[in-house]
Amino acid sequence: MRAVRCEGSGGPEVLVWGEAPDPRPGPAELLVEVVSAGVNRADLLQRQGHYPPPPGASELLGLECAGTVVEVGADVTGWQVGDPCVALLAGGGYAERVAVPAGQVLPPPVGTDLVSAGGLVEVAATVVSNFDHARLVAGQTVLVHGGAGGVGSFALQYAKALGCRVLTTAGTADKRDYCRGLGADEAFDYAEDWSAAVREAAPDGVDVVLDVMGAKYLEPNVGVLAADGHLLVIGMQGGRRGELDLGALLSRRGSVSALALRSRPSAQKAAICARVREEVWPMLSSGDVRLAHETRIDMPEATRAHTLLESGEHHGKIVLVVPR
Ligand SMILES: NC(=O)c1ccc[n+]([C@@H]2O[C@H](COP(=O)([O-])OP(=O)(O)OC[C@H]3O[C@@H](n4cnc5c(N)ncnc54)[C@H](OP(=O)(O)O)[C@@H]3O)[C@@H](O)[C@H]2O)c1
């Protein structure tokens, strides 16, 4: 088959479209012919050599895809050759075919174009598993950092659909408008004093923070938490080592989590996928959650896709489309 390979590690130019070994599905797996694959920030880190795939996972990039089932493992039930699907992957999505444990494969949401569906499940699984962890419920206030990004644009809509008040941050006026258009109640400029703006908008604090910055925002994030609030760190774009003021956390009875999706055992991923199917797919079909703004790029041009994501000029999702 053909796939995007990393010729060494480094900038987007190390990505090369060419021949790669065909994956073979195990007895509990499906072989999927890929139609499209979502581009995630983690892919940039893997390309740079900073985020190796977990043991046993494909060396190829790509944490999610949409496509068609072309082979069904001997122990798998409920799937037929020819079924359309989306899949949550530990790697291997930037390719014509990928083998994936059947529990991590879902039918696409009703009414969603299959190419667009290739950029859905990684963000949905990340956000649902984190908000479940924080036991987010209707009526609570949520702060989503980076609301115009792939994860953020889903997270803020999902929190709104659950009945929460949503505050968010973004880097440009256009992106803040985009966030408001997706339903954010307030969107703040992260280059300014966003924590003061959040405290003014939510004087009792926010119940849940979904954070992509890590160390740089640890102190201000804890500072805006409400009593019993929960800080969910999912990214470390602002560094991995920070100083935690336990007194500030203790006085709020707060908690801090840092959850990675990719390294979870397959059984946990299957449970999260089941939650996504049950919770998110109906919201997409009803229009309560809309697809993020999407840029489609042919998979052989993965270099261009990474350059665009790295530039920070993009909002929403980038989806790689396999040429046929
Ligand atoms: N833990 C997990 O399992 C997991 C799973 C998926 C993703 N992630 C992480 O989640 C993050 C987002 O991933 P993605 O694929 O959605 O990437 P993305 O589309 O590139 O989004 C990155 C976001 O970071 C925002 N940002 C940059 N600097 C910021 C700052 N100083 N303050 C607040 N926000 C800032 C950007 O906002 P602007 O566009 O407005 O500049 C953008 O919304 C990444 O760090 C990724 O590694 C973690």
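Since we're looking at a predicted model, the values are computed, not measured.

1. Examining the sheet that holds strand S13 (residues 255-258)
The pairing of strands in a sheet comes from backbone hydrogen bonds and takes either a parallel or an antiparallel form. Here six strands make up an open sheet; going across it, the order is S10-S9-S8-S11-S12-S13 and the pairing parallel. One side of each edge strand has no neighbouring strand; the edge strands of this open sheet are strand S10 (186-189) and S13. Ignoring which end each strand starts from, the neighbouring axes of this sheet average 15 degrees apart. Across five bridges, strand S11 (residues 206-211) lies against strand S12 (residues 225-233) in parallel orientation.

2. Regarding the packing of aromatic side chains
Scanning all chains against the criterion turns up three aromatic pairs. Between Phe131 and Tyr158 the ring centres are 6.2 Å apart and the planes differ by 5 degrees, which places this aromatic pair in the stacked class. Taken together, the residues span a long stretch of sequence, with Phe131 in helix H3 (residues 121-133) and Tyr158 in helix H4 (residues 150-161) at a distance of 27 residues. Ring centres of Trp194 and Tyr217 lie 4.9 Å apart, and the angle between their planes is 50 degrees; on these two criteria the pair is classed as tilted.

3. Focus on the site of the ligand
The full set close to the ligand counts 23 residues, and Arg41, Val151, Lys175, Tyr190 and Tyr217 are the nearest of them. The side chain of Tyr190 places a nitrogen or oxygen atom 2.5 Å from an oxygen atom of the ligand. Within the backbone of Leu261, an N or O atom sits 2.8 Å from an oxygen atom of the ligand. Taken by itself the ligand offers 930 Å² of open surface, and the protein chains cover 87% of this. For the shell around the ligand, the secondary-structure elements that each account for two or more residues are H3, H4 and strand S9 (165-170). Tallied by class, residues from the shell around the ligand come to eleven nonpolar, nine polar and three charged.

4. Details of the domain arrangement of the protein
A common way to report how large an interface is uses the accessible area buried once the components associate. Each assigned domain of the protein is listed here: domain 1 (2-120 + 262-321) and domain 2 (124-258). Of note, the centres of domain 1 and domain 2, computed from C-alpha atoms alone, are 26 Å apart. On the side of domain 2, 19 residues touch domain 1, which itself brings 21 residues to the contact. Regarding the contact of domain 1 and domain 2, the summed buried area is about 1600 Å², with carbon and sulfur atoms giving 60% of it. Between Arg275 and Asp132 there is a salt bridge; the shortest N-O distance is 2.8 Å. Here domain 1 and domain 2 share nine residue pairs in polar contact (both at pLDDT 80 or more) between them. Take the side of domain 1 that touches domain 2: its biggest share by element is six residues, from helix H9 (residues 266-286). For the side of domain 1 that touches domain 2, the class distribution of residues is eight nonpolar, five polar and eight charged.

Basis of the calculations
- Counting restarts for each chain, with residues numbered from 1 along the sequence as it is written.
- Under the rules for a predicted model, residues below a pLDDT of 70 receive no local features and side-chain atom pairs below 80 are neither given nor counted, while totals for whole chains, interfaces and linings still include all residues.
- In computing side-chain properties, one takes all heavy atoms of the structure into account and sets aside hydrogens as well as water.
- A pair of strands is treated as paired once DSSP finds two or more bridges between them.
- A helix here means a DSSP run of H or I that spans at least four residues, while a strand means a run of E at least two residues long, and both kinds are numbered starting from the N terminus.
- What counts as an axis is a line fitted to C-alpha atoms, over the stretch in contact for a helix, and the angles between N-to-C directions run from 0 to 180 degrees.
- Centre distance within 6.5 Å is the pairing criterion for rings of Phe, Tyr and Trp, where only the six-membered ring of Trp is used; planes under 30 degrees apart are then read as stacked, over 60 as edge-to-face, and the remainder as tilted.
- By convention in these notes, a residue is near a molecule or strand provided one of its non-hydrogen atoms lies within 4 Å of it.
- In the analysis that follows, any N or O atom pair within 3.5 Å is treated as a polar contact, provided that within protein one partner can donate a hydrogen and the other can accept it, and provided that, for residues neighboring in sequence, both atoms belong to side chains.
- To be clear on the numbers: accessible area is Shrake-Rupley with a 1.4 Å probe, and residue cover counts the displayed protein chains and nothing else.
- Ten residue types, Ala, Val, Leu, Ile, Met, Phe, Trp, Tyr, Cys and Pro, are classed as nonpolar, four, Asp, Glu, Lys and Arg, as charged, and the remainder, Gly among them, as polar.
- Domain start and stop points were drawn from an automatic or database domain assignment.
- Note on contacts: a residue pair qualifies if any of its non-hydrogen atoms lie within 4.5 Å across the two residues.
- Defined in terms of a 1.4 Å probe, buried area is the accessible area two parts forfeit on being brought together, summed over both.
- Each salt bridge in this description consists of a side-chain nitrogen of Lys or Arg and a carboxyl oxygen of Asp or Glu lying within 4 Å of one another.

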